[in-house]
Each structure stands twice: as structure tokens, then as C-alpha cells.
Amino acid sequence: MIDKINQLKAEIEALSAANAQEVEALRIKYLSKKGEISALMADFRTVPAEQKRELGQKLNELKTLATDKLNAMREALEQTDNLSDDFDLSRSAAPMPLGSRHPLSLVKNEIISIFSRLGFTIAEGPEIEDDWHVFSSLNFAEDHPARDMQDTFFIQRNPDVLLRTHTSSVQSRVMEKTQPPIRIICPGRVYRNEAISARAHCFFHQVEALYVDKNVSFADLRQTLLYFAREMFGPETKIRLRPSYFPFTEPSAEMDISCNLCGGKGCSFCKHTGWVEILGCGMVDPNVLEACGIDSKVYNGFALGMGVERITNLKYQVKDLRMFSENDVRFLEQFQAAH
Ligand code: DAH
């Protein structure tokens, strides 16, 4: 009997099957009531008492071996069955929902691409800034009320550390490190301590442009603005410049464009004036150039800064600023890149 057990053991260890039916046939051959192992169990009754212990143990081991082996074969076959299902190349792919770009990113990218066609390259600076780069280097006098124009978030313990209120701070960072010609565009987030409402938020986005070289004129600025306005809002767009004040530019101006909702005829969006304001600009104040280590007798330049939310509102008529930061997909998925 011991020989028979050993022979079956070797046989079972070497078993293989190509499919589930073959496994079932092997189960019947070895483990069913009329199978080989059951037959051995029946013979076991005739085994002399002194061999019962050893042979009983061996028989049980054989039965466990056969059961485990057949189970393992069944599982292996099931797995390869599933695998072959997954590799069915004719099956249609699981749908993969595509996200959409945030409207502010779309507009920011469009502004960048317009200015890059004029040779401007991107420059970036930190959002957590110091007084020098946000105010002092930009010709804000220590006690000048213009500092109050921008409700600054200060770090309480150190009033020299603050969240930048405009991307003009990147101007001074670049001018400190680079000699002209400089032609940069600075997109980024800015912060102001404002009560949040449909028309104001404590953070928003700006794009700043700076051009410094020899013999830069106000006409260069005006032509750049006209090119930008027409590329952004269409070839019929008109611009007008109104005198204004910024500490870092002299002279300074604000630019309006003809209202692109009513085409300049007058509507509630443009408060029936036919014009909407979109940015501030001017010739870089010589004090700013000097503060940043650029010789103002040799070089001059122009700068301009605009709010990305404002341009986006004009393009897409978003009435409530808060929607830009609520992350509601029903709002976000309405915007498509123009290109
Ligand atoms: N920094 C100004 C603001 O946040 C915008 C601005 C105005 C930027 C005139 C300029 C500029 O570069 O020349 O309101």
C-alpha cells in the first residue's frame, strides 16, 4: 500500500490541465467516491493495526495534496481566463472624462501668448514679498497715501513681510538682476484685504508687462496696447487713454476699450458710456529705474498691469467674482480654449 501511495503522490505532483473540464476529470479520477484515493481509504481497513498510524497519516497527506493541487490548478486557470478577457483588443475603452482649463488660466495664457508674439518672455516672483519690492523700490514714499490704495495683508509680527498686492513687484526683482533690454510679462496671484463680494475678492490675478531699453516712447506703449486690445477683443476694438496716477510711472494712464458687449453704443455693463476700463500703464518713473540699479539717463521704459478676472469678465460675462474660486464643475466646464 505504501508503494501505491508514493506512486499516486508522484503522479499528482506532476499533474497539469489545459482547462476546467480537465481539472474536473482529474478530480473524479482521484478524489470522487469511486476515485483512486477513496479506493485506498477503503483498503485501509485491511491494514494491520501496527501500520495504521503511519499509513493513515500518509493517506491523509495524499488527500490534502490532491485537494490543494486541484484547487491551485483551478485558480490558475480562472486567472488566465480573466486575463484573456482584459486583453480583448476589440472591447471599447472605459470612458475617461476629460477636465477643462480654468477660465482664468485660459485668459492668462491668451494674454501671455499675445505678448510673447511681441517678444516678451515670462518672469515670476514670490507671492510672499517684502516692503521694498512691493512698495519702496516702486517709488511709494514711506507715508504716501498710495500705500493705502492697496489694502495690504501684513504678517503681524513683521510688517516688512507681506502678501504682494500687485505683480509690479516682479518688475523690481527683474530690474535688480538684469540690465536692459528687458521685455517681460509677469503673470501671478495677488492679495488684498477686501471684504469678499461679487465685485471684490481677497485674492485675484494680474499680468504685468515691462519694457526697458534705450529710446522707448509713449507711442511704443500706445501701439503695444492697441495690438493687445485688438488681439484680445477683436480687430474692431478701440482704445482710449485717460491720465491717471501711479507712483511707479510718470506719466501714468488708464486704458479703456470700447465696450465689447454693446460695441460702444452704451449698455448697463459699460454704464452707458461705451467704454470699459481694463488696465493701468505709464512710462517707468526714473526713480524706479535708479532704485533697481538701472541708469535712467541711458534707459527708459513703459509698464502696464491688468487684472485677469476683469479681462475674463469682459470676454465671458462672469457676473460674480466668487465663482472663479468655488470650483463648481458646472461653471468650470463651460469654458473652452480659443485655439
Ligand atoms: N500695479 C497696479 C495695480 O495693481 C497696476 C499697474 C498700473 C501696473 C500701472 C503697472 C502700471 O505696471 O504701469 O493697480
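(A) The pattern of salt bridges, seen in detail. Applying the stated criterion across every chain yields a total of twelve salt bridges. Glutamate 24 serves as the salt-bridge partner of arginine 27, at 3.0 Å between the closest nitrogen and oxygen. Of the two residues, arginine 27 and glutamate 24 are both situated in helix H2 (residues 20-31); the distance of three residues between them amounts to about one turn of the helix. Judged by its relative accessible area of 33%, glutamate 24 falls in the partly exposed class. The salt bridge partner of arginine 322 is aspartate 320, with a shortest N-O separation of 2.9 Å. Taking relative accessible area as the criterion, arginine 322 reaches 32% and is therefore assigned partly exposed. One salt-bridge network, held together by shared partners, links Arg240, Arg242, Glu254, Asp256 and Glu277.

(B) View of the site of the ligand. Neighbouring the ligand are 16 residues; His166, Ser168, Arg192, Gln206 and Glu208 lie closest to it. At a separation of 3.4 Å, an oxygen atom of the ligand approaches a polar side-chain atom of glutamine 171. The separation between an oxygen atom of the ligand and a polar main-chain atom of leucine 304 is 3.4 Å. Within the complex, 91% of the 350 Å² of free accessible area of the ligand lies under protein. When atom positions are compared with the pocket grids, the ligand is found to occupy the largest pocket. Of all the secondary structure elements, the ones that give two or more residues to the shell around the ligand are helix H8 (168-177), strand S6 (203-213), strand S9 (275-284) and strand S10 (300-307). For the shell around the ligand, the residue count by class is five nonpolar, nine polar and two charged.

(C) Local environment of the sheet that holds strand S4 (residues 158-163). Spatial strand order, S2-S4-S3: three strands in an open sheet with antiparallel pairing. Each end of this open sheet is capped by a strand with a single partner; those strands are strand S2 (128-130) and strand S3 (154-155). The sheet contact formed by S3 and S4 spans two bridges and is antiparallel. Bridged to isoleucine 155 within S4 is asparagine 158.

Calculation criteria
- Residues numbered from 1 in each chain as written.
- Predicted model: local features only at pLDDT ≥ 70, side-chain atom pairs only at ≥ 80, totals over all residues.
- Heavy atoms only, no water.
- Salt bridge = Lys/Arg side-chain N within 4 Å of Asp/Glu carboxyl O.
- Helix = DSSP H or I, 4+ residues; strand = E, 2+ residues; numbered from the N terminus.
- Buried < 20%, exposed > 50% of the residue type's maximum accessible area, 1.4 Å probe, protein only.
- Near = heavy atom within 4 Å.
- Polar contact = N/O pair within 3.5 Å; in protein donor to acceptor, adjacent residues only side chain to side chain.
- Areas by Shrake-Rupley, 256 points an atom, 1.4 Å probe, with all protein chains shown as cover.
- 1 Å grid on protein atoms, 1.4 Å probe; cavity = no way out; pocket = protein on both sides within 12 Å on 5 of 7 lines; lining within 4 Å.
- Sits in = over half its atoms within 2 Å of the grid points.
- Nonpolar A, V, L, I, M, F, W, Y, C, P; charged D, E, K, R; others polar.
- Pairing = 2+ DSSP bridges.

Note that every value here comes from positions in space, so none of it alone points to a role or purpose.
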